[in-house]
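A structural walkthrough
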Amino acid sequence: MTSTGEAARSRRSDHRRRVQALVRPHRWRVAALAAASYVGGTSEAVFLLLAARLALAVTRDEPRLGLWGAASIGIGGAIALAAGLLLLRLVANAAVVTLSTGLAQAVLTTTRGRLSAAYLNASWSLQQNEPSGSLQTLSSYADGAVRVVNAFSASITAGLSLLSLLVVATSVDPLATLVIVTTLGLLGRLMTPLRTRIRRRSTSDTRANTTFNETLSELSTLGLEMQTFGVRDRFVRRIDALSGRHAAAARRTSAMQGMLTPVYTTLAYGGVLGGLAVFAATGAGKISAIGPVMLLLLRSLAYGQQLQTSAGSLMAFLPPLERVQDAIARYDAARASDGDTVVERIGAIEAREVSYAYPDGRTVLADVSFRLRAGEVVGIIGPSGSGKSTLVQLLLGLREPSTGEITVDGIALQDVNRGAWSARVAFVAQEPRLITGTVADNIRFFRDDIGDEALVRAANLANLQADIARMPDGFASFLGERGTNLSGGQRQRLSIARALAGSPQALFLDEPTSALDAHSEALIRSTLHDLRGKVLTVVIAHRMSTLEVCDRILVVESGRLTAIGTPADVAASSAFYRHALDVAHG
Ligand SMILES: Nc1ncnc2c1ncn2[C@@H]1O[C@H](COP(=O)(O)OP(=O)(O)OP(=O)(O)O)[C@@H](O)[C@H]1O
Ligand SMILES: [Mg+2]
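Residues numbered from 1 in each chain as written. Chains lettered and ligands numbered in written order. Predicted model: local features only at pLDDT ≥ 70, side-chain atom pairs only at ≥ 80, totals over all residues. Heavy atoms only, no water.

1. Some words on a nonpolar patch on the surface
- A contiguous nonpolar surface patch, about 280 Å² in accessible area, is contributed by Leu186, Leu190 and Leu267.
- Topologically, Leu190 is positioned in helix H7 (residues 174-221). (Patch = residues over 30% accessible without salt bridge, like charges linked within 9 Å, V, L, I, M, F, W, Y side chains within 5 Å. Areas by Shrake-Rupley, 256 points an atom, 1.4 Å probe, with all protein chains shown as cover. Salt bridge = Lys/Arg side-chain N within 4 Å of Asp/Glu carboxyl O. Helix = DSSP H or I, 4+ residues; strand = E, 2+ residues; numbered from the N terminus.)

2. Overview of the coordination of the magnesium ion (ligand 2)
- The protein atoms that coordinate the magnesium ion (ligand 2) are Ser389 (OG) and Gln430 (OE1), at distances of 2.0 to 2.3 Å. Taken together, the residues span a long stretch of sequence, with Ser389 in helix H11 (residues 388-395) and Gln430 in the loop between strand E8 (425-428) and helix H13 (439-444) at a distance of 41 residues.
- Judged by its relative accessible area of 39%, Gln430 falls in the partly exposed class. (Donors = N, O, S within 2.8 Å, 3.2 Å for Na, K, Ca; no water. Buried < 20%, exposed > 50% of the residue type's maximum accessible area, 1.4 Å probe, protein only.)

3. Considering the side chain of Ser300
- Positionally, Ser300 belongs in helix H10 (residues 287-333).
- Residue Ser300 is classed as buried on the basis of its relative accessible area, which comes to 1%.
- Non-local contacts of Ser300, meaning those with residues more than four positions away in its chain, are made with Leu162, Leu165, Leu166, Ile180 and Leu184. (Contact = heavy atoms within 4.5 Å.)

4. Considering the pairing of strand E6 (residues 403-408)
- Alignment of strand E3 (residues 349-357) against E6, held across five bridges, turns out to be antiparallel. Opposite Ser355, over in E6, you have Thr403 as the bridge partner.
- For E6 and strand E7 (residues 411-412), the ladder comprises two bridges, and the chain directions are antiparallel. Looking at the pairing, Thr407 lines up with Ala412 of E7.
- The antiparallel hairpin formed by E6 and E7 contains two residues in its connecting segment, where Asp409 sits at a positive phi of about 50 degrees. (Pairing = 2+ DSSP bridges.)

5. A closer look at the site of ligand 1
- Lining the immediate environment of ligand 1, one finds 15 residues, of which Ser384, Gly385, Lys388, Ser389 and Thr390 sit closest.
- One of the side-chain nitrogen or oxygen atoms of Ser384 is found 2.6 Å away from an oxygen atom of ligand 1.
- Taking Gly387, its main chain carries an N or O atom lying 3.0 Å from an oxygen atom of ligand 1.
- Relative to its unbound accessible surface of 630 Å², ligand 1 loses 73% to contact with the protein.
- Sort the elements by how many residues they give to the shell around ligand 1 and H11 lands first, with three residues.
- For the shell around ligand 1, the per-class residue count stands at three nonpolar, nine polar and three charged. (Near = heavy atom within 4 Å. Polar contact = N/O pair within 3.5 Å; in protein donor to acceptor, adjacent residues only side chain to side chain. Nonpolar A, V, L, I, M, F, W, Y, C, P; charged D, E, K, R; others polar.)

6. Things to note about the packing of H7 against helix H9 (residues 232-282)
- Taken N-terminus to C-terminus, the directions of H7 and H9 make an angle of 165 degrees; their axes are 9 Å apart at the nearest point. Put simply, H7 runs roughly antiparallel to H9. Handedness of the crossing formed by H7 with H9: left-handed.
- The class makeup of the residues in the contact of H7 with H9 is 22 nonpolar, nine polar and seven charged. (Axes fitted to C-alpha atoms, helices over the stretch in contact; angles between N-to-C directions. Parallel < 35°, antiparallel > 145°, perpendicular 65-115°, else oblique. Left-handed = near helix turned anticlockwise from the far one by under 90°.)

7. Let's talk about unusual backbone geometry
- Positioned with a positive phi, Asp367 is a non-glycine residue whose angle comes to about 55 degrees.
- In this structure, Asp367 sits in strand E4 (residues 363-372).

8. Focus: the pattern of salt bridges
- Evaluated as defined, the whole model comprises 23 salt bridges.
- Salt-bridge contacts for Glu350 lead to Arg352; the nearest nitrogen and oxygen are separated by 3.8 Å.
- Under the relative-accessibility criterion, Glu350 is labelled partly exposed at 22%.
- The class of Arg352 is partly exposed, set by a relative accessible area of 38%.
- A salt bridge links Arg470 to Asp467, with the shortest nitrogen-to-oxygen separation between them at 3.8 Å.

9. Some words on the sheet that holds E8
- The six strands lie next to each other as E8-E9-E10-E5-E11-E12, forming an open sheet whose pairing is mixed. Both edges of this open sheet fall to E8 and strand E12 (560-565), since each of them pairs with a single strand only. Sheet twist, expressed as the average angle between the axes of neighbouring strands with direction ignored, equals 15 degrees.
- Direction of pairing for strand E9 (residues 506-510) relative to strand E10 (residues 536-540): parallel, over a ladder of five bridges. Residue pairing in the sheet places Leu507 in a bridge with Thr537 of E10.
- Helix-sheet contacts for helix H17 (residues 518-531) involve strand E5 (377-381), E9 and E10, and the interaxial angle to E10 is about 150 degrees.

10. Looking at the domain arrangement of the chain
- Here the domain parsing of the chain yields domain 1 (18-333) and domain 2 (349-584).
- With centres defined by C-alpha atoms, the gap from domain 1 to domain 2 works out at 55 Å.
- Counting residues at the interface gives five residues for domain 1, matched by five residues for domain 2.
- In this assembly, domain 1 packs against domain 2 so that about 400 Å² is buried in total across both faces, 45% of it on carbon and sulfur atoms.
- Looking at the side of domain 1 facing domain 2, the largest losses of area belong to Trp124, Ser125 and Gln128, adding up to 77% of the total buried there.
- Put simply, domain 1 and domain 2 have zero salt bridges between them.
- Applying the counting criterion to the domain 1 and domain 2 interface returns two residue pairs in polar contact (both at pLDDT 80 or more).
- Ranked by residues supplied to the side of domain 1 that touches domain 2, first place goes to helix H4 (residues 124-129) with four residues. (Domains from an automatic or database assignment. Buried area = accessible area lost by both parts, 1.4 Å probe.)

So, in structure tokens, the structure goes:
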């Protein structure tokens, strides 16, 4: 029993912490909201008291009615005062609306900003393991911040209106107020199990929604495979099943939420009825005292209901937001390392006894040591899955060695300033990704400092100029969503142009010629040849012809460096390389 109580308490404090984290940056707005709610509540409470007394005075045909203590006021004055209070309440309510919508807007902007910044600053290894579409899903959950904040604002407003009502009620009839407070407290306790269930339902609803979104986002990248493998119907069934599961979970959450108000009002009115029964049985209380107290009680119950509803909404809307907050915390914890040392000129890059294991624990590189000299062109060859791409990602500083060290001119790569480093290195990925935009957008890739001349030069170097010339608008031609209008080889050359446009000092290419015909490959080879002596180039290639231009060759087999040297050296020392040569030359 104690442990469930403790669990509930720690859950409640967790909710509080999460909501606080959300609104903390906007505490002044929250304070103003609370103040406006209190003023609105007080003016309403005083108005209700005045109205009740006014009614009593009118029915008894009295010319004046009593205020607090001995003070009294004429009927006309009382009506004017009541009207003034109504006006004050309207102004306070308008302020509440303005402040709470402003708060929701501000929180949404902050949350979205935090999410994307945290994701972008997280390490590559984390980003790579995130399911596709998870950022979109999270961002849509961030929209839920608005609903959480609205529920939070509503509970602040209801809570403070209730409080001000009770303060006014205490000044009239402390005993009756105590009864009201006790009734409200009791009602709150009775509603707790329902709120807990709402929260549980909403958590499973969120989970179902996440799975659905991730599957859908996978689908959007699988169109071609889906058609050719004839598995469309199966995928449709899968989507249907997931969608059904999500809809059912969402329905259960809304149903629970919908029950909050009827359950509450039934309990509350039941309580009122019980109280009246007690009054009737004991004959206690004068009608003049019961009138205003009853009015305040009913109004308090209404605010109590609002409080319950907004607390219920908070329970329902928190789980998606929790996902966002947890993701932000996870991204922050996996922040890509950044150093202070600015490397002006990239000279030699050295790997010393480098081993690497992926987070799943499998070691894919073991004890690799070599030194790359400034300006040389180095080829990497090895069987599929031997660790070549992983090695290049380590050299780029995208991953950190599990043991051993990679240095640039003697400086550990972790200590190198990332911004300066990325401005000086370039990378052509094994599966290059293009963005929705023009040829120029794709070559420039958000680096606004790259001028038009550099674009043309890079396109020439990557042997892309003829293709661009054939396009309707040249560099301004739109390439469709994520560059779908290009052929595989064009895409590869475009990403080479992208890499060269920033005039890098070190260039890493992962299978840059795999999709090229013999002619284009020969041109890229000549580009690599031209870079010799100027740019430190590391190229992974299966094509022996691409490797011909290399000064030296690294052979990686099963995560180990089995040979290193000039092509002639390696041909003599590596069976793998000799075999590859034999295959290539028939
Ligand atoms: N993100 C990852 N998480 C876990 N294991 C991975 C990950 N990426 C690659 N691996 C594993 O690491 C090993 C080396 O992969 P890597 O991509 O470096 O090979 P590769 O030599 O580039 O192969 P290929 O020539 O086919 O491109 C493989 O066994 C692969 O399964
Ligand atoms: Mg690879």
